[in-house]
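# Observations on the model geometry
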Amino acid sequence: MISLYVFLIAWLVFLGLYTIMLLLSALQLLRFGVSGAGTYLATLVFFVGVILVVVGTGAMLRSVDWQQQINLFSWINAF
Amino acid sequence: MLDLRHLPGSDLQEKQVFVLRAHLITLLPLLMTALVLFALPPGLYAELRVLTPEFFDEPARVVVLLLIISAFFLAGWLFLFQSFINYWLDMLIVTDKRILDIDQTGLFSRTVSETRLYRTQDVTAEVTGFWPSLFDYGDLFLQTAGEAERFHFKNIPHPNHVAKLILDFAEEARKQALGEAVEEFGMPNKEKK
(Lines give C-alpha, C1' and ligand atoms only; values in the text may rest on other atoms or scores of the structure.)
Protein backbone atom coordinates (compact mmCIF):
# COMPACT_ATOMS: atom_id res chain seq x y z
CA MET A 1 0.00 0.00 0.00
CA ILE A 2 1.30 3.43 -0.97
CA SER A 3 0.09 6.75 0.38
CA LEU A 4 -1.31 9.19 -2.16
CA TYR A 5 1.13 11.73 -0.74
CA VAL A 6 3.93 9.92 -2.57
CA PHE A 7 2.21 10.59 -5.90
CA LEU A 8 1.51 14.19 -4.97
CA ILE A 9 5.15 14.78 -4.03
CA ALA A 10 6.32 13.10 -7.27
CA TRP A 11 3.96 15.34 -9.24
CA LEU A 12 5.19 18.45 -7.42
CA VAL A 13 8.83 17.48 -8.08
CA PHE A 14 7.95 16.99 -11.74
CA LEU A 15 6.23 20.39 -11.73
CA GLY A 16 9.34 22.03 -10.24
CA LEU A 17 11.65 20.54 -12.89
CA TYR A 18 9.07 21.36 -15.54
CA THR A 19 8.95 25.00 -14.47
CA ILE A 20 12.75 25.24 -14.79
CA MET A 21 12.62 23.75 -18.32
CA LEU A 22 9.72 26.00 -19.29
CA LEU A 23 11.47 29.13 -18.05
CA LEU A 24 14.70 28.17 -19.83
CA SER A 25 12.79 27.56 -23.06
CA ALA A 26 10.90 30.85 -22.77
CA LEU A 27 14.14 32.68 -22.01
CA GLN A 28 15.79 31.21 -25.13
CA LEU A 29 12.81 32.20 -27.25
CA LEU A 30 12.66 35.75 -25.90
CA ARG A 31 16.43 36.19 -26.10
CA PHE A 32 17.00 34.90 -29.60
CA GLY A 33 13.54 35.07 -31.12
CA VAL A 34 14.05 38.71 -32.14
CA SER A 35 11.51 41.05 -30.61
CA GLY A 36 8.17 40.92 -32.34
CA ALA A 37 4.50 40.23 -31.71
CA GLY A 38 4.84 36.57 -32.79
CA THR A 39 7.51 35.83 -30.20
CA TYR A 40 5.57 37.41 -27.33
CA LEU A 41 2.28 35.86 -28.44
CA ALA A 42 3.80 32.35 -28.65
CA THR A 43 5.31 32.71 -25.17
CA LEU A 44 2.02 33.95 -23.77
CA VAL A 45 0.02 31.11 -25.39
CA PHE A 46 2.34 28.46 -24.00
CA PHE A 47 2.31 29.96 -20.51
CA VAL A 48 -1.50 30.16 -20.59
CA GLY A 49 -1.63 26.48 -21.63
CA VAL A 50 0.56 25.45 -18.70
CA ILE A 51 -1.42 27.56 -16.24
CA LEU A 52 -4.71 26.06 -17.50
CA VAL A 53 -3.45 22.48 -17.04
CA VAL A 54 -1.94 23.14 -13.59
CA VAL A 55 -4.93 25.13 -12.31
CA GLY A 56 -7.36 22.57 -13.79
CA THR A 57 -5.51 19.70 -12.13
CA GLY A 58 -5.38 21.63 -8.85
CA ALA A 59 -9.11 22.31 -8.98
CA MET A 60 -9.91 18.64 -9.60
CA LEU A 61 -7.63 17.49 -6.79
CA ARG A 62 -8.72 20.07 -4.23
CA SER A 63 -11.00 17.77 -2.27
CA VAL A 64 -8.74 14.71 -2.33
CA ASP A 65 -7.75 13.12 0.95
CA TRP A 66 -4.03 12.62 0.36
CA GLN A 67 -3.67 10.29 3.34
CA GLN A 68 -5.55 7.56 1.49
CA GLN A 69 -3.62 4.38 0.79
CA ILE A 70 -3.63 2.84 -2.64
CA ASN A 71 -2.78 -0.62 -3.84
CA LEU A 72 -1.96 -0.17 -7.51
CA PHE A 73 -1.26 -3.84 -8.07
CA SER A 74 -4.65 -5.09 -6.86
CA TRP A 75 -6.20 -3.76 -10.04
CA ILE A 76 -3.42 -5.13 -12.25
CA ASN A 77 -3.62 -8.52 -10.50
CA ALA A 78 -7.31 -8.74 -11.41
CA PHE A 79 -6.31 -9.39 -15.05
CA MET B 1 8.95 44.15 -36.72
CA LEU B 2 12.41 42.82 -36.08
CA ASP B 3 14.64 44.78 -33.73
CA LEU B 4 18.02 44.74 -35.46
CA ARG B 5 19.85 45.51 -32.20
CA HIS B 6 19.22 41.89 -31.22
CA LEU B 7 21.10 40.55 -34.22
CA PRO B 8 24.64 39.24 -33.76
CA GLY B 9 27.16 41.98 -34.61
CA SER B 10 24.46 44.54 -35.37
CA ASP B 11 25.22 47.82 -37.07
CA LEU B 12 23.11 50.83 -36.09
CA GLN B 13 22.86 52.05 -39.68
CA GLU B 14 21.65 48.69 -40.93
CA LYS B 15 18.13 48.42 -42.30
CA GLN B 16 16.08 45.25 -42.35
CA VAL B 17 14.91 44.03 -45.72
CA PHE B 18 13.12 40.82 -44.77
CA VAL B 19 13.01 37.90 -42.37
CA LEU B 20 12.09 34.44 -43.58
CA ARG B 21 11.25 31.27 -41.74
CA ALA B 22 10.45 27.85 -43.13
CA HIS B 23 7.02 27.57 -44.75
CA LEU B 24 4.18 27.07 -42.25
CA ILE B 25 3.24 23.81 -43.97
CA THR B 26 6.44 22.30 -42.54
CA LEU B 27 4.75 22.56 -39.12
CA LEU B 28 2.03 20.14 -40.23
CA PRO B 29 3.80 16.95 -39.02
CA LEU B 30 4.27 18.62 -35.64
CA LEU B 31 0.57 19.53 -35.48
CA MET B 32 -0.39 15.96 -36.35
CA THR B 33 1.90 14.66 -33.59
CA ALA B 34 0.32 17.13 -31.17
CA LEU B 35 -3.16 15.94 -32.09
CA VAL B 36 -2.19 12.31 -31.49
CA LEU B 37 -0.42 13.21 -28.22
CA PHE B 38 -3.40 15.10 -26.86
CA ALA B 39 -5.89 12.49 -28.00
CA LEU B 40 -4.05 9.73 -26.10
CA PRO B 41 -5.15 10.57 -22.50
CA PRO B 42 -8.87 10.94 -23.33
CA GLY B 43 -8.56 7.75 -25.38
CA LEU B 44 -6.98 5.90 -22.48
CA TYR B 45 -9.65 7.23 -20.12
CA ALA B 46 -12.46 6.10 -22.45
CA GLU B 47 -10.86 2.70 -22.91
CA LEU B 48 -10.55 2.18 -19.17
CA ARG B 49 -14.19 3.25 -18.71
CA VAL B 50 -15.38 0.71 -21.26
CA LEU B 51 -13.01 -2.21 -20.78
CA THR B 52 -12.29 -2.07 -17.02
CA PRO B 53 -14.95 -0.01 -15.23
CA GLU B 54 -13.79 -1.57 -11.91
CA PHE B 55 -10.69 0.64 -12.18
CA PHE B 56 -12.86 3.57 -11.13
CA ASP B 57 -14.19 1.78 -8.03
CA GLU B 58 -11.30 3.07 -5.98
CA PRO B 59 -11.17 6.93 -6.04
CA ALA B 60 -7.45 6.93 -5.16
CA ARG B 61 -6.69 5.23 -8.49
CA VAL B 62 -8.54 7.96 -10.34
CA VAL B 63 -6.41 10.55 -8.53
CA VAL B 64 -3.21 8.82 -9.64
CA LEU B 65 -4.54 8.57 -13.20
CA LEU B 66 -5.33 12.29 -13.12
CA LEU B 67 -1.81 13.15 -11.96
CA ILE B 68 -0.31 10.99 -14.72
CA ILE B 69 -2.57 12.56 -17.38
CA SER B 70 -1.72 16.04 -16.13
CA ALA B 71 2.04 15.30 -16.28
CA PHE B 72 1.58 13.81 -19.76
CA PHE B 73 -0.23 16.95 -21.00
CA LEU B 74 2.43 19.21 -19.53
CA ALA B 75 5.26 17.17 -21.07
CA GLY B 76 3.48 17.17 -24.45
CA TRP B 77 2.93 20.93 -24.23
CA LEU B 78 6.63 21.50 -23.48
CA PHE B 79 7.60 19.23 -26.37
CA LEU B 80 5.39 21.36 -28.64
CA PHE B 81 6.83 24.58 -27.27
CA GLN B 82 10.40 23.44 -27.86
CA SER B 83 9.58 22.21 -31.37
CA PHE B 84 8.00 25.59 -32.06
CA ILE B 85 11.13 27.32 -30.72
CA ASN B 86 13.24 25.25 -33.15
CA TYR B 87 10.99 26.39 -35.98
CA TRP B 88 10.76 30.02 -34.88
CA LEU B 89 14.46 30.59 -34.24
CA ASP B 90 15.49 29.06 -37.56
CA MET B 91 15.53 32.04 -39.88
CA LEU B 92 17.01 33.83 -42.82
CA ILE B 93 17.50 37.56 -42.31
CA VAL B 94 18.38 39.87 -45.16
CA THR B 95 19.38 43.43 -44.32
CA ASP B 96 20.70 46.10 -46.67
CA LYS B 97 24.26 45.07 -45.69
CA ARG B 98 24.32 41.33 -45.02
CA ILE B 99 22.56 37.98 -45.02
CA LEU B 100 22.25 35.93 -41.84
CA ASP B 101 21.33 32.29 -41.71
CA ILE B 102 20.38 31.28 -38.17
CA ASP B 103 20.12 27.54 -37.76
CA GLN B 104 18.56 26.37 -34.50
CA THR B 105 19.31 22.69 -34.01
CA GLY B 106 18.26 22.32 -30.36
CA LEU B 107 17.21 24.45 -27.43
CA PHE B 108 20.80 25.38 -26.60
CA SER B 109 22.37 24.85 -29.98
CA ARG B 110 22.38 27.38 -32.81
CA THR B 111 24.64 28.27 -35.70
CA VAL B 112 24.75 31.76 -37.18
CA SER B 113 26.28 32.09 -40.65
CA GLU B 114 26.72 35.51 -42.12
CA THR B 115 27.83 36.97 -45.40
CA ARG B 116 28.06 40.48 -46.76
CA LEU B 117 25.34 41.15 -49.29
CA TYR B 118 27.77 42.53 -51.91
CA ARG B 119 29.72 39.24 -51.82
CA THR B 120 26.70 37.29 -53.10
CA GLN B 121 27.45 35.89 -56.53
CA ASP B 122 24.85 33.30 -57.27
CA VAL B 123 21.51 32.33 -55.76
CA THR B 124 19.79 29.07 -56.68
CA ALA B 125 16.22 28.15 -55.78
CA GLU B 126 15.28 24.48 -55.71
CA VAL B 127 11.67 23.27 -55.51
CA THR B 128 11.35 19.51 -55.64
CA GLY B 129 8.41 17.29 -54.78
CA PHE B 130 4.64 17.43 -54.87
CA TRP B 131 3.94 19.43 -51.68
CA PRO B 132 6.75 21.97 -52.25
CA SER B 133 5.47 22.57 -55.79
CA LEU B 134 1.88 22.87 -54.58
CA PHE B 135 2.63 25.30 -51.76
CA ASP B 136 5.60 27.00 -53.45
CA TYR B 137 8.38 26.39 -50.98
CA GLY B 138 11.85 24.95 -51.32
CA ASP B 139 15.54 25.35 -50.68
CA LEU B 140 17.74 28.29 -51.47
CA PHE B 141 21.47 27.97 -52.14
CA LEU B 142 23.65 31.02 -52.00
CA GLN B 143 27.17 31.18 -53.38
CA THR B 144 29.43 33.95 -52.19
CA ALA B 145 32.76 35.21 -53.49
CA GLY B 146 35.72 33.31 -52.09
CA GLU B 147 33.61 30.78 -50.23
CA ALA B 148 33.69 27.17 -51.30
CA GLU B 149 30.69 26.27 -49.19
CA ARG B 150 27.27 27.43 -50.20
CA PHE B 151 24.71 28.85 -47.79
CA HIS B 152 21.70 26.57 -47.65
CA PHE B 153 18.27 27.76 -46.46
CA LYS B 154 15.68 25.04 -46.17
CA ASN B 155 11.94 25.15 -46.93
CA ILE B 156 11.79 28.86 -47.68
CA PRO B 157 8.43 30.11 -49.01
CA HIS B 158 8.49 31.45 -52.60
CA PRO B 159 12.19 30.58 -53.17
CA ASN B 160 12.32 31.84 -56.76
CA HIS B 161 10.97 35.24 -55.80
CA VAL B 162 13.35 35.42 -52.82
CA ALA B 163 16.32 34.44 -55.01
CA LYS B 164 15.52 37.28 -57.41
CA LEU B 165 15.11 39.76 -54.54
CA ILE B 166 18.44 38.76 -52.99
CA LEU B 167 20.21 39.14 -56.34
CA ASP B 168 18.67 42.60 -56.81
CA PHE B 169 19.67 43.67 -53.29
CA ALA B 170 23.17 42.24 -53.81
CA GLU B 171 23.53 44.25 -57.02
CA GLU B 172 22.46 47.39 -55.20
CA ALA B 173 24.86 46.63 -52.32
CA ARG B 174 27.73 46.10 -54.78
CA LYS B 175 27.07 49.48 -56.41
CA GLN B 176 26.96 51.12 -53.02
CA ALA B 177 30.17 49.40 -51.87
CA LEU B 178 31.91 50.46 -55.09
CA GLY B 179 30.68 54.04 -54.65
CA GLU B 180 32.01 54.11 -51.10
CA ALA B 181 35.38 52.70 -52.23
CA VAL B 182 35.69 55.32 -54.98
CA GLU B 183 34.76 58.05 -52.53
CA GLU B 184 37.42 56.87 -50.09
CA PHE B 185 40.30 55.99 -52.42
CA GLY B 186 39.43 57.87 -55.63
CA MET B 187 39.19 56.49 -59.14
CA PRO B 188 42.05 54.17 -60.11
CA ASN B 189 44.50 55.73 -62.61
CA LYS B 190 44.94 53.71 -65.76
CA GLU B 191 48.47 54.24 -67.00
CA LYS B 192 48.92 54.37 -70.76
CA LYS B 193 51.68 52.26 -72.21
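Just so it is clear, the structure is predicted and the values come from calculations on it, not from any experiment. (Residues numbered from 1 in each chain as written. Chains lettered and ligands numbered in written order. Predicted model: local features only at pLDDT ≥ 70, side-chain atom pairs only at ≥ 80, totals over all residues.)

### Here we look at the overall build of chain B
If you tally the helices and strands in chain B, you get four helices and seven strands. For chain B, the sequential pattern of α-helices and β-strands runs β-α-α-β-β-β-β-α-β-β-α. Across the 193 residues in chain B, those meeting the buried criterion constitute 20%. At a minimum sequence separation of 6, the contacts of chain B that also span at least 24 residues come to 52%. (Helix = DSSP H or I, 4+ residues; strand = E, 2+ residues; numbered from the N terminus. Buried ≥ 20, exposed ≤ 12 C-beta atoms within 10 Å, placed from the backbone. Contact = placed C-beta atoms within 7 Å.)

### Points about the interface of chain A and chain B
Taken together, the contacts link 28 residues of chain A with 26 residues of chain B. For the side of chain A that touches chain B, the elements supplying multiple residues, two or more each, are helix H1 (4-32) and helix H2 (37-60) of chain A. Looking at which element gives the most residues to the side of chain A that touches chain B, the answer is H1(A), with eleven residues. Of the residues contributing to the side of chain A that touches chain B, the split by class is 20 nonpolar, eight polar and no charged. (Nonpolar A, V, L, I, M, F, W, Y, C, P; charged D, E, K, R; others polar.)

### Looking at the sheet that holds strand E6 (residues 137-144) of chain B
Residues and elements named next belong to chain B. Overall, antiparallel pairing links the three strands, which are arranged E5-E6-E7 in an open sheet. Each having just a single partner strand, strand E5 (120-126) and strand E7 (151-157) make up the two edges of the open sheet. Averaged over all adjacent pairs, the angle separating strand axes in this sheet is 25 degrees, with direction ignored. In this structure, E5 lies alongside E6, joined through six bridges in antiparallel fashion. Bridge pairing links Val123 to Leu142 in E6. Here helix H4 (residues 159-185) sits on the sheet in contact with E5, E6 and E7, set at roughly 175 degrees to E5. (Pairing = 2+ DSSP bridges. Axes fitted to C-alpha atoms, helices over the stretch in contact; angles between N-to-C directions.)

### A look at the sheet that holds strand E2 (residues 91-95) of chain B
Residues and elements named next belong to chain B. Strands sit in the order E1-E2-E3-E4 across an open sheet of four strands; the sheet is antiparallel. In this open sheet, the two edge strands, each paired with only one partner strand, are strand E1 (16-20) and strand E4 (109-116). This sheet shows a mean twist of 15 degrees between the axes of neighbouring strands, independent of strand direction. Of the pairings in the sheet, the one linking E2 to strand E3 (residues 98-106) comprises four bridges and is antiparallel in character. Following the sheet pairing, Met91 is matched in E3 by Ile102.

### Overview of helix H1 (residues 28-51) of chain B
The end-to-end C-alpha separation of H1(B) is 33 Å, in line with the 34 Å expected for 24 residues at 1.5 Å each. Little of H1(B) is tucked away: zero of the 24 residues are buried. (Expected span 1.5 Å × (residues − 1).)

### What about the packing of H1(A) against helix H2 (residues 59-89) of chain B?
When two helices pack together, you describe them by how their axes are tilted relative to each other and by the distance separating the axes. Interhelical geometry of H1(A) versus H2(B) gives an angle of 10 degrees and a closest axis separation of 11 Å. The angle between the axes of H1(A) and H2(B) places the two elements in the roughly parallel class. Contacts between H1(A) and H2(B) involve A:Leu4, A:Phe7, A:Trp11, A:Phe14, A:Tyr18, A:Met21, A:Leu22, A:Ser25, A:Gln28, A:Leu29 and A:Phe32 on the former and, on the latter, B:Ala60, B:Val63, B:Val64, B:Leu67, B:Ala71, B:Leu74, B:Leu78, B:Phe81, B:Gln82, B:Ile85, B:Trp88 and B:Leu89. Taken together, the residues of the contact of H1(A) with H2(B) sort by class into 20 nonpolar, three polar and no charged. (Parallel < 35°, antiparallel > 145°, perpendicular 65-115°, else oblique.)

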